[in-house]
Amino acid sequence: METVFSNALLPSRLPLPTQTLKPNLLSSFTSITTTTTTSPTLPQLKQLHAYFLRNALDRSLLLKLALSSSVDYALSVFFSSPTLPTHTHTLLSNQFLKQISRCAAPDKAFLVYAHMRTDGVAVEEFSLPPLLKALARVSAFWEGREVHGFAVRMGLESDAFIQTGLVGFYAACGQISDARMVFDRMRHRDAVAWSVMMDGYSNSGLHDDVLRLFEEMMCSEVEEPDEVILATVLSACSRSRNLDSGKVIHSYISKRNFALDSHLQSALITMYANCGSMDQANRLFDKISPKSLVTSTAMVSGYSKLGKLKAARAIFDQMHEKDLVAWSAMIAGYAESDHPNEALKLFKEMQVSGIRPDQVTMLSVISACAHLGALEQAKWIHIFIDKNGFSDILSVSNALIDMYAKCGSLDGACHVFDNMSRRNVISWTSMITALAMHGNGESALGRFEQMKRVEGVEPNGVTFVGVLYACSHAKLVDKGRQIFASMTKEYNITPKQEHYGCMVDLLGRANLLNEAVKLIETMPFEPNVVVWGSLLGACRVYGNIELGELAARRLLEIDPNHDGAYVLLSNIYAKANRWGDVGEVRKLMKNKGITKERGCSWIELNGEIHEFAMGDQTHSRADDIYQKLDEIARELKSVGYAPNIGSVLVDLEEEEKKEAILLHGEKLAVAFGLLNVGKGSHIQIVKNLRICEDCHSFMKWVSKVFDSEIVVRDRTRFHRYRDGECSCKDFW
Ligand code: ZN
Ligand code: ZN
């Protein structure tokens, strides 16, 4: 570029070009405009301009050159052009419009059009498609309407190219029904027109309409779909998770022997992966090489969504380049399938690789941290969010409230909530649920009132789950009944399963088991596992065998593999010393091949997460931990603790049961905690299942004997043990 514009070639020093020289010069300029990426500077352009004028050279070329450097300069060249014969002027204008429709400032095309109109330059059918294309790029709706009106007045409306331009223009402006109206009026539709209409639907998220239109196209039998159309249709199948249609398109492609270009192949793999058909996706994926970023990411995301994290990770690790979407897909995979620790580790790796996260990644990371209940990590993530400018995003702040609450820091949750510049119903609901989770029922109800009366925010169904949950955990029975009734009466919200579940829980906790059963009987739909599970849980606490058996039976009718139901039922029998029945339940589980979900407890120490399963020997300090646990057990027994073997489901001798129960993960975790922080400290543990009766009383004893505050978050709530008492008042 620089050399072309070196002084030797520049106009002022050039000899006047002769006719023979001119084509050579032109071809060298043409090569400038088509092959180079650098643009002429403004002074260079001015010199060129003068040169072109002096020599009456092709102005279209000059405009093209000017456009690559400065749109405004190109416009000034265009506007100051001396009048040419009408036809030539129109030709020049059309070419300029075409160039401008592709440049960085397509909105200027309308100025060209207006100039043509006022200057009396004929605007004809070839002027309009590039103009419409330019206006579509900037969604200039009113300007486009004016052009449409002009086309009608000039009788150009039935021109297929203009019509296609209008379809694309209206679709780009989000006026999809206007686009369709123009499309329907077209007498001849070529593949491009169909494609533009489908793209319009696709970009508006109307994936079913894409498929319907494709069907129409196939029925019309005038045009055959090309690769572009097939890829659009596949993407619609993919986004609407329509595997059946996707398969039809695949077999169409196979039958027609379409050359599977990489674009089409990628579309097919993405479709199968998004629809969860990973075997098919993998078969195609195996065959392609090189494997593109988009396709690999689709595979990672497809496997992740199915919880097949090993397969996802294998592909992820093989990717040479990874963009934000790929990292996000893998992190979300871990976060959503119970591997929160892996999600956080990967997030840190992503930092190292220099990829900046976006809000989607952050939401996954926050959710992983909430799941882990790791407060140190939570604080670190909060700082990261503040530093990287995510704190103004409402969904991020809402997620932070939930994260702090689940990490045991109600203060942290309140702090985020109080400092939000704006709040929506989700913010309020998160705050109410946070308070409820920590047993602050009254405060939760206070916030609920404030939300409605002071801030005028309408509660939604999820808010009511939080409020009823608050009533339930604080044993506010009357208030709960009243709020439940207000849902339909005041807010026109029909209670769903989860609301009935909360009410059954509320009544059950208050030992109003018969009222709970009556409520279940009046439900307008079949109660689900949550509802029966709530009743079953209450029966365990109050030792009601008859209702417990009923609830367990109903629950197992709906979900025969519900491990929790078997465990609770056997707990009920154990409590009543009906060991024969405990054995029956155990046998039933064994015959059906049902295993109790693997219990797992976490404890965070200096920002690191330590994980303990039952009888876990894998920790690097396992010997110390077991020694400490022995020591604790001895000390507790000396003051009156006796292991409650009713919590053990396995068929063992008495002594072995006592052994087994001592090895529960949360006990190992608390031993590890005491080993590291000693007496008089705060220990926080997260357990993925409901804490068993024995561990519950064990923690109470530990809090007293070792003068510590212990917080255990189990599957349903927080237990805060202090001085031999638990905040749940032994009801969980
Ligand atoms: Zn336990
Ligand atoms: Zn408790």
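Our subject is the structure that appears above.
Along each chain, residue indices are assigned from 1 in the same order as the chain's sequence is written. Whichever chain is written first is A, and whichever ligand is written first is 1; the rest continue in order. Local features are withheld for residues below a pLDDT of 70 in this predicted model, meaning they are given only at 70 or higher, and side-chain atom pairs are given and counted only at 80 or more; totals for whole chains, interfaces and linings count all residues. In computing side-chain values, all of the structure's heavy atoms are included and hydrogens and water are not.

A.B. asks: Can you walk me through the coordination of the zinc ion (ligand 2) in this structure?
C.D. replies: Coordination angles at a metal have ideal targets, namely 109.5 degrees for four tetrahedral donors and 90 or 180 degrees for six octahedral donors. Note that water is not among the atoms used; donors are N, O and S atoms within 2.8 Å of the metal (3.2 Å for Na, K and Ca), so sites may look incomplete. Around the zinc ion (ligand 2), the donor atoms from the protein are H696 (NE2), H719 (ND1), C726 (SG) and C728 (SG), and they sit 1.9 to 2.2 Å away. Irregular is the label for any site that misses the other tests, which are tetrahedral for four donors with all angles between 85 and 135 degrees, and square planar for four donors or octahedral for six when opposite donors exceed 155 degrees and the remaining angles lie between 65 and 115. One way to put it: the 4 donor atoms around the zinc ion (ligand 2) meet at angles of 103 to 116 degrees, and that makes the site tetrahedral. For the zinc ion (ligand 2), all donor residues lie on one chain, and their spacing in sequence is H-x22-H-x6-C-x1-C.

A.B. asks: I'm lost on the pattern of salt bridges in this one. Help?
C.D. replies: When the charged atoms of two side chains with opposite charge come close together, those side chains can pair. Each salt bridge in this description consists of a side-chain nitrogen of Lys or Arg and a carboxyl oxygen of Asp or Glu lying within 4 Å of one another. Under the counting rule described, the total for this entry stands at 28 salt bridges. Here D418 makes a salt bridge to R447, at a shortest N to O gap of 3.7 Å. Of this pair, D418 sits in helix α24 (residues 410-418) while R447 sits in helix α26 (residues 441-454), and the two are 29 residues apart along the sequence. Note on classification: 1.4 Å probe, protein chains only; a residue is buried when its accessible area is under 20% of the maximum for its type, exposed when over 50%, partly exposed between these limits. In this structure R447 comes out as buried when scored by relative accessible area, which is 18%. Here R453 makes a salt bridge to E449, at a shortest N to O gap of 3.3 Å. With R453 and E449 both in helix α26, this residue pair falls 4 residues apart, about one helical turn. Classification of E449 by relative accessible area gives partly exposed; the value is 30%. Going along the chain from the N terminus, every DSSP run of H or I of four or more residues is numbered as a helix, and every run of E of two or more is numbered as a strand.

A.B. asks: What exactly am I supposed to notice about the coordination of the zinc ion (ligand 1) here?
C.D. replies: Here the zinc ion (ligand 1) is held by H664 (ND1), C692 (SG) and C695 (SG), and the distances to it run 2.0 to 2.3 Å. Written as a sequence motif, the donor residues of the zinc ion (ligand 1) are H-x27-C-x2-C. Remark: C695 occurs in helix α38 (residues 693-705) and H664 occurs in the loop between α36 (654-662) and α37 (665-677); sequence separation between them is 31 residues.

A.B. asks: Could you clarify how one ought to interpret the nonpolar core in this entry?
C.D. replies: Note that soluble globular proteins tend to have their nonpolar side chains buried in a common cluster. Residues belong to one nonpolar core when they are buried, are Ala, Val, Leu, Ile, Met, Phe, Trp, Tyr or Cys, and are joined through side-chain atoms within 4.5 Å. Counting residues in hydrophobic clusters, the biggest one holds 198 residues, and the most contacted among them are F96, L128, M198, V233, M403, M431 and L535. Where each domain begins and ends is defined by an automated method or by a domain database. Counting contributing residues, this core receives three or more from each of domain 1 (496-596) and domain 2 (600-726). Should any heavy atoms of two residues lie within 4.5 Å, those residues are considered in contact. Excluding residues within four positions of it along the chain, M403 makes contact with I366, C369, A370 and A378.

A.B. asks: Looking at this model, I keep getting lost on the environment of W732. Mind explaining?
C.D. replies: Along the chain, W732 turns up in the segment after β6 (725-726). Measuring from C-alpha to C-alpha, the distance between W732 and H719 comes to 8.8 Å, with 13 residues separating the pair along the chain. Apart from residues no more than four positions distant in its own chain, W732 is found in contact with R509, R540, V541, R690, I691, C692, E693, H696, D714, R717 and H719.

A.B. asks: How should I be thinking about a positive patch on the surface in this particular structure?
C.D. replies: A cluster of basic residues, K64, K98, R102, K133 and R137, forms a positive patch at the surface. Among the elements of the structure, α5 (86-102) and α7 (128-137) are those that each provide at least two residues to the positive patch. Along the polypeptide, K98 turns up in helix α5. Residues enter patches when their relative accessible area tops 30% and they take part in no salt bridge; the joining distance is 9 Å for like charges and 5 Å for the nonpolar side chains Val, Leu, Ile, Met, Phe, Trp and Tyr. Here the open area of atoms and residues is found with the Shrake-Rupley method and a 1.4 Å probe, where only the protein chains shown may cover a residue. In this tally, Asp and Glu contribute negative charge and Lys and Arg positive charge; neither His nor the terminal groups of the chain are included. For charged residues, the charge sits on one atom: NZ in Lys, CZ in Arg, CG in Asp, CD in Glu.

A.B. asks: Looking at this structure, how should I read the sheet that holds strand β4 (residues 709-713)?
C.D. replies: Each strand in a sheet pairs with another by means of backbone hydrogen bonds, the pair being arranged parallel or else antiparallel. Strands are treated as partners if at least two bridges between them are detected by DSSP. The strand order across the open sheet built from 6 strands is β2-β1-β3-β4-β5-β6, with neighbouring strands paired in mixed fashion. In this open sheet, the two strands that pair with only one neighbour each are β2 (608-613) and β6. The sheet contact formed by β4 and strand β5 (residues 718-722) spans 4 bridges and is antiparallel. Across the sheet, V712 pairs through a bridge with H719, a residue of β5. With axes taken as lines fitted to C-alpha atoms, and helix axes fitted only over the stretch in contact, angles between N-to-C directions fall between 0 and 180 degrees. Most of the contacts of helix α21 (residues 359-372) go to β4, to which it runs at about 120 degrees, and overall it touches β1 (600-605), β2, β3 (682-687) and β4.

A.B. asks: I'm lost on the pairing of β5 in this one. Help?
C.D. replies: Two faces make up the sheet, and in a regular strand the side chains alternate between them. What sits between the antiparallel neighbours β4 and β5 is a turn of 4 residues. Judged from the 2 bridges that link them, β5 and β6 form a sheet pairing that is antiparallel. Residue Y721 lies in a different strand from β6, and its bridge partner there is C726. With antiparallel pairing between neighbouring strands as the criterion, β5 and β6 make up a hairpin whose turn holds 2 residues, including D723 at a positive phi of roughly 50 degrees.

A.B. asks: What exactly am I supposed to notice about unusual backbone geometry here?
C.D. replies: Residues other than glycine predominantly adopt negative phi, and peptide bonds predominantly adopt the trans conformation. Here the bond from S289 into P290 is cis, since omega is -5 degrees, no more than 30 degrees from zero. Residue position: P290 is located in the loop between α16 (278-287) and α17 (293-305). Positive phi, close to 55 degrees, is recorded for K475, a residue that is not glycine. Tracing the sequence through the fold places K475 in the loop between α27 (461-473) and α28 (477-491). Exposure remark for K475: the relative accessible area of 45% places this residue in the partly exposed category. Here N511, not a glycine, exhibits a phi torsion of approximately 60 degrees, which is positive. The class of N511 is partly exposed, set by a relative accessible area of 42%.

A.B. asks: How do you make sense of α21 when you look at a structure like this?
C.D. replies: Residues three or four positions apart in an α-helix share a direction because the helix packs 3.6 residues into each turn. Here, expected helix span is obtained from the residue count minus one, scaled by 1.5 Å. The terminal C-alpha atoms of α21, which comprises 14 residues, lie 20 Å apart, in line with the 20 Å expected from a rise of 1.5 Å per residue. If you check which residues of α21 are buried, you get T361, M362, S364, V365, I366, A368, C369, A370 and L372. Pairs of N or O atoms are called polar contacts if they sit within 3.5 Å, as long as, within protein, a hydrogen donor faces a hydrogen acceptor (for residues adjacent in sequence, only side-chain-to-side-chain pairs). Capping the start of α21, D358 holds a side-chain oxygen 3.2 Å from the backbone nitrogen of V360, two or three residues further along. In the stretch just after α21, G373 is the one whose phi turns positive, near 70 degrees.

In short, geometric facts, not functional conclusions.
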